[in-house]
Amino acid sequence: MPMNKLHFFTELQGNFLIKLLLAHLLADFLFQSKKMVENKKWFSFEMLFHILIVFFLTLLFSKNLYISLIISILHYIIDGFKIEINKKKLSKTLIFTIDQVLHIAVILLCWSIYFGISNTVLKALLLPINNYSVSLIFLSYFLVTTPFGYFIGLITKRFQNSKNNETKTDKNGFLIGIFERIIILTFIILGEYSAIGFLITGKSIIRFSAKNEDIKSEYVLLGTMISYGMTIITGILVKFLLN
């Protein structure tokens, strides 16, 4: 698949970014217990201890005092606002996602400013809009998620048994379908067609081994075949357009 090689940073710069991200992941996941998360407040021992861990790990990996201080202070502010948002009845998954995106954005910002490559990083972030190959792949991945999911749901709607089945089974099936299509599209873009067969076989065993009378085998099979067919066609079309 001929694509233009895109270079945005050197190996040294990339290694520095990896170290910053590793320090963040260790501080936020390995060295932060569930008890610490639950007891964190704006001014508490748990919050102070967590920020100290962030600071020392960042300093250990980056060996840069200023970057470590900036990342730690902004980490504290983000975690503080997260505590306030957690008081409201919002999705925990959404709050967690926004929290991690903000932390990583801070790291990227500090890293790009430190190496003077802010414009280059901005160009990289705009690739899904400005670069043909990247925007095409980005579009294809978006298509196989919710748009295809809703379309398949409309086609198979008349095969559903009941409202209960629609709420319980189809919500899980919708999410499973999204990840299946992402995996299949990835295999096609990479040219690993044989791996798709293993995925289809694996799903068939899991979905049909349990004798669930609430799910019609025709409904499941139809949805699966439409999902796979649309994704395979999309993948082949993307490969053709890329070449």
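Along each chain, numbering runs from 1 in the same order as the chain's sequence is written. Note on the predicted model: pLDDT of at least 70 is required for a residue's local features to be given, and 80 or more for side-chain atom pairs to be given and counted; whole-chain, interface and lining totals, by contrast, use all residues. As a convention, hydrogens and water are excluded, and side-chain values are obtained from all of the structure's heavy atoms.

J.: Whenever I open this one, the overall build of the protein confuses me. Can you help?
T.: The secondary structure listing takes helices from DSSP runs of H or I that are at least 4 residues long and strands from runs of E that are at least 2 residues long, numbered from the N terminus. In terms of regular secondary structure, the protein is built from 12 helices and zero strands. Helices (α) and strands (β) of the protein occur, in sequence order from the N terminus, as α-α-α-α-α-α-α-α-α-α-α-α. Between buried and exposed lies partly exposed: a residue is buried under 20% and exposed over 50% of the maximum accessible area for its type, with that area taken using a 1.4 Å probe on protein chains only. Counting across all 243 residues of the protein, residues that qualify as buried make up 35%. Two residues form a contact once any of their heavy atoms are found within 4.5 Å. The contacts of the protein with a sequence gap of at least 6 include a subset with a gap of at least 24, amounting to 73%. Carbon together with sulfur atoms contributes 71% to the accessible area of the protein, which is approximately 15800 Å² in total. Only the protein chains shown count as cover for residues, and all accessible areas are computed by the Shrake-Rupley method using a 1.4 Å probe.

J.: Help me out: how do you make sense of the environment of lysine 19 in this one?
T.: Mapped onto the elements of the fold, lysine 19 is located in helix 1 (residues 11-30). Between the C-alpha atoms of lysine 19 and serine 62, which are 43 residues apart in sequence, the distance is 6.6 Å.

J.: Explain helix 4 (residues 65-86) here, please?
T.: Structurally, the α-helix is built with 3.6 residues per turn, so residues lying three or four positions apart point the same way. Over its 22 residues, helix 4 extends 31 Å from the first C-alpha to the last, a length consistent with the 32 Å expected when each residue adds 1.5 Å. Looking only at helix 4, the buried set comprises Ile67, Ser68, Ile71, Ser72, His75, Ile78, Asp79, Gly80 and Ile83. Looking at the buried positions of helix 4, the neighbouring elements they touch are helix 1, helix 3 (45-62) and helix 5 (92-115). We call two N or O atoms a polar contact when they sit within 3.5 Å, provided that within protein one can donate a hydrogen and the other can accept it, with sequence-adjacent residues counted only if both atoms are side-chain atoms. The backbone nitrogen of tyrosine 66 has a side-chain oxygen 3.2 Å away, supplied by the residue at the start of helix 4, namely asparagine 64. Between the first and last residue of a helix there are one fewer steps than residues, each counted as 1.5 Å, and that sum is the expected span.

J.: Honestly, the packing of helix 1 against helix 4 in this entry has me stumped. Any pointers?
T.: Any two packed helices are characterised by how steeply their axes cross, that is the angle between the axes, and by the distance between the axes. Running from N to C, helix 1 and helix 4 cross one another at 40°; their axes reach a closest spacing of 13 Å. Between helix 1 and helix 4, the crossing angle belongs to the class labelled oblique. When you trace helix 1 past helix 4, the crossing you get is right-handed. Between helix 1 and helix 4, the contacting residues are Phe16, Leu20, His24 and Asp28 on the first element and Ile67, Ile71 and His75 on the second. Any residue outside Ala, Val, Leu, Ile, Met, Phe, Trp, Tyr, Cys, Pro, Asp, Glu, Lys and Arg is labelled polar, Gly included; the first ten of those are nonpolar and the last four are charged. For the contact of helix 1 with helix 4, a count of residues per class yields four nonpolar, two polar and one charged. Note on definitions: angles span 0 to 180 degrees between N-to-C directions of axes, and those axes are lines fitted to C-alpha atoms, for helices only across the stretch in contact. Orientation labels follow simple angle bins: below 35 degrees gives roughly parallel, above 145 gives roughly antiparallel, 65 to 115 gives roughly perpendicular, and whatever is left gives oblique. We call a crossing left-handed when the near helix sits turned anticlockwise from the far one by less than a right angle, and right-handed when that turn is clockwise.

J.: For this particular structure, what's the right way to read the packing of helix 4 against helix 5?
T.: Axis separation between helix 4 and helix 5 bottoms out at 10 Å; the angle between their running directions is 160°. Considering their axes alone, helix 4 and helix 5 lie roughly antiparallel with respect to each other. Where helix 4 crosses over helix 5, the handedness of that crossing is right-handed. In contact with Ile67, Ile70, Ile71, Leu74, His75, Ile78, Asp79, Lys82, Ile85 and Asn86 of helix 4, helix 5 contributes Lys92, Ile95, Asp99, Leu102, His103, Val106, Ile107, Cys110 and Tyr114. Classifying every residue of the contact of helix 4 with helix 5 by side-chain character gives 12 nonpolar, three polar and four charged.

J.: Can you walk me through empty space enclosed by the protein in this structure?
T.: Rolled over the atoms, a probe sized like a water molecule indicates the empty space that remains. Points on a 1 Å grid over protein atoms alone make up a cavity when a 1.4 Å probe fits among them but cannot get out, and a pocket when they form an open set with protein on both sides within 12 Å along at least five of seven lines; lining residues each have an atom within 4 Å of a point. Grid points are joined across faces, edges and corners, and a volume is the space filled by probe spheres set on the points. Taken as a whole and assessed by the stated rule, the structure comprises one cavity of 30 Å³ or more. Each pocket or cavity is described by its volume, and for the largest cavity that value is around 80 Å³. Around the largest cavity sit Leu20, Ala23, His24, Val54, Thr58, Ile71, Leu74, His75, Ile78, His103, Val106 and Ile107, which together line it. Of all the elements, helix 4 adds the most residues to the lining of the largest cavity, at four residues.

J.: Got a minute to help me understand the side chain of threonine 58 in this structure?
T.: Structurally, the position occupied by threonine 58 is in helix 3. Once residues within four sequence positions are removed from consideration, threonine 58 is found in contact with Leu20, Ala23, Lys63, Ser68 and Ile71.

J.: Help me out: how do you make sense of the packing of aromatic side chains in this one?
T.: Given two aromatic rings, their pairing is described by the distance between the two centres and the angle made by the two planes. For this analysis, a ring pair means two rings from Phe, Tyr or Trp (six-membered ring only for Trp) whose centres lie within 6.5 Å, classed as stacked if their planes differ by under 30 degrees, edge-to-face if by over 60, and tilted for the remaining angles. Under the counting rule described, the total for this entry stands at 10 aromatic pairs. Ring centres 5.7 Å apart and planes at 80° place the aromatic pair tryptophan 42 and phenylalanine 81 in the edge-to-face group. On the criterion of sequence distance, the pair formed by tryptophan 42 in the loop between helix 2 (34-39) and helix 3 and phenylalanine 81 in helix 4 is long-range, its members being 39 residues apart. Residue class for tryptophan 42 comes out partly exposed when judged on its relative accessible area of 25%. Under the relative-accessibility criterion, phenylalanine 81 is labelled exposed at 51%.

J.: In this structure, what is going on with the pattern of salt bridges? I would like to understand it.
T.: Two side chains carrying opposite charge are able to pair once their charged atoms lie near each other. Put simply, a salt bridge is a Lys or Arg side-chain nitrogen that is within 4 Å of an Asp or Glu carboxyl oxygen. Evaluated as defined, the whole model comprises three salt bridges. Notably, a salt bridge pairs lysine 82 with aspartate 99, separated by 3.7 Å at the nearest N-O pair. Highlighted residues: lysine 82 in helix 4 and aspartate 99 in helix 5, separated in sequence by 17 residues.

Spatial relationships are all this shows, so hold off on functional conclusions.
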